[in-house]
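Chain by chain, the residues:
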Amino acid sequence: GKNGKGKSTLLRLFAGELEPTQGKVVISQNSQVGYFGQTNIQRLHPKSTIEQEVESANPKLHRTIIRSICGTMMFEGDDALKQISVLSGGERSRVLLGKILALPTNILLLDEPTNHLDAGTIGWLEDELASREGALLVVSHDRRFLDRVATSIWELGNGRLEEYRGGYSDYLRQRNERR
């Protein structure tokens, strides 16, 4: 859907960050939701280290696993000890993604996860998402990313929600066939 059509709002409703004005959102009791929002990098604590932020997501994790997550997010060795305040926007996005990986989730809600990421990190994210179990709901304008991770595209527009099976290229083909 185009900008302003409610995609991010829908994710925020599913994540429990917003209350619906009508009806209700019901998430199964067995669901463990992880949410990456476009503006969530401002929720990081500037004086914390990368390692501390990842640990804060799941204090039950052993330090070895926390450091492994940091390394996966390209903060190896002493880089995991950098303070959030010195990181770029892309690096902060990687920290947030690392925090989500530290959580035991079976539903991931990702709002424009490739914004501020370099090509290598996007490739890593695509591989990571492809190997995860559970549901993934992504809002993205990154067509290549959607081709690699999506199994179904939902289009919001004209007050309707339409589903197209497959990635972004499949969506384009099916949409043209329907018209």
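Residues numbered from 1 in each chain as written. Predicted model: local features only at pLDDT ≥ 70, side-chain atom pairs only at ≥ 80, totals over all residues. Heavy atoms only, no water.

Chemist: When you look at unusual backbone geometry in this model, what are you seeing that I'm missing?
Modeler: Peptide bonds are trans in most cases, and residues, glycine excluded, mostly fall at negative phi. For M74, which is not glycine, the phi torsion reads 70 degrees and is therefore positive. Locating M74 in the fold gives a position in the loop between α3 (63-72) and α4 (89-102). On the basis of relative accessibility, which here comes to 38%, the residue M74 falls in the partly exposed class. Located in the positive-phi region is E112, a residue other than glycine, with phi close to 50 degrees. Mapped onto the elements of the fold, E112 is located in the loop between β2 (107-111) and α5 (119-131). (Helix = DSSP H or I, 4+ residues; strand = E, 2+ residues; numbered from the N terminus. Buried < 20%, exposed > 50% of the residue type's maximum accessible area, 1.4 Å probe, protein only.)

Chemist: Help me out: how do you make sense of the pattern of salt bridges in this one?
Modeler: Between side chains of opposite charge, a pair can form as their charged atoms come close. Within the structure shown, the criterion is met by 14 salt bridges. A salt bridge links E163 to R165, with the nearest nitrogen and oxygen atoms 3.4 Å apart. Owing to a relative accessible area of 57%, R165 belongs among the exposed residues under this scheme. D170 serves as the salt-bridge partner of R173, at 3.2 Å between the closest nitrogen and oxygen. Pair noted here: R173 and D170 are both in helix α7 (residues 168-178), with a separation of three residues, about one helical turn. Connected through salt bridges with shared partners, the residues E126, D127, R144 and R148 form a single ionic network. (Salt bridge = Lys/Arg side-chain N within 4 Å of Asp/Glu carboxyl O.)

Chemist: Hey, could you run me through the sheet that holds strand β3 (residues 135-139) in this one?
Modeler: For sheets, the rule is that strands pair by backbone hydrogen bonds, running either parallel or antiparallel. The strand order β1-β2-β3 describes an open sheet built from three strands, whose pairing is parallel. Where the open sheet ends on each side, the last strands, each with one partner, are β1 (33-36) and β3. Geometrically, the sheet is characterised by an average inter-axis angle of 10 degrees between neighbouring strands, direction not taken into account. Relative to β3, β2 runs parallel, the two sharing five bridges. In the strand pairing of β3, D111 is matched with V139. Helix-sheet contacts for α4 involve β1 and β2, and the interaxial angle to β1 is about 175 degrees. (Pairing = 2+ DSSP bridges. Axes fitted to C-alpha atoms, helices over the stretch in contact; angles between N-to-C directions. Contact = heavy atoms within 4.5 Å.)

Chemist: Sorry if this is basic, but what is going on with the packing of aromatic side chains here?
Modeler: Each aromatic ring pair is specified by the distance between its two centres and by the angle formed by the two planes. Considering all chains together, one arrives at two aromatic pairs under this definition. Ring centres of Y164 and Y171 lie 4.9 Å apart, and the angle between their planes is 85 degrees; this geometry places the pair in the edge-to-face category. Given the relative accessible area of 6%, Y171 is considered buried. Ring centres of Y168 and Y171 lie 5.3 Å apart, and the angle between their planes is 50 degrees; this geometry places the pair in the tilted category. Placement of the pair is Y168 and Y171 together in helix α7, with a separation of three residues, close to one helical turn. For R94, the ring lying beneath its charged end belongs to F75, and the centroid distance is 4.5 Å. The aromatic ring of Y164 is capped on one face by R178, whose charged end is 4.0 Å from the ring centroid. (Phe/Tyr/Trp six-rings, centres within 6.5 Å; stacked < 30°, edge-to-face > 60°. Lys NZ or Arg CZ within 6 Å of the ring centre and 35° of its normal.)

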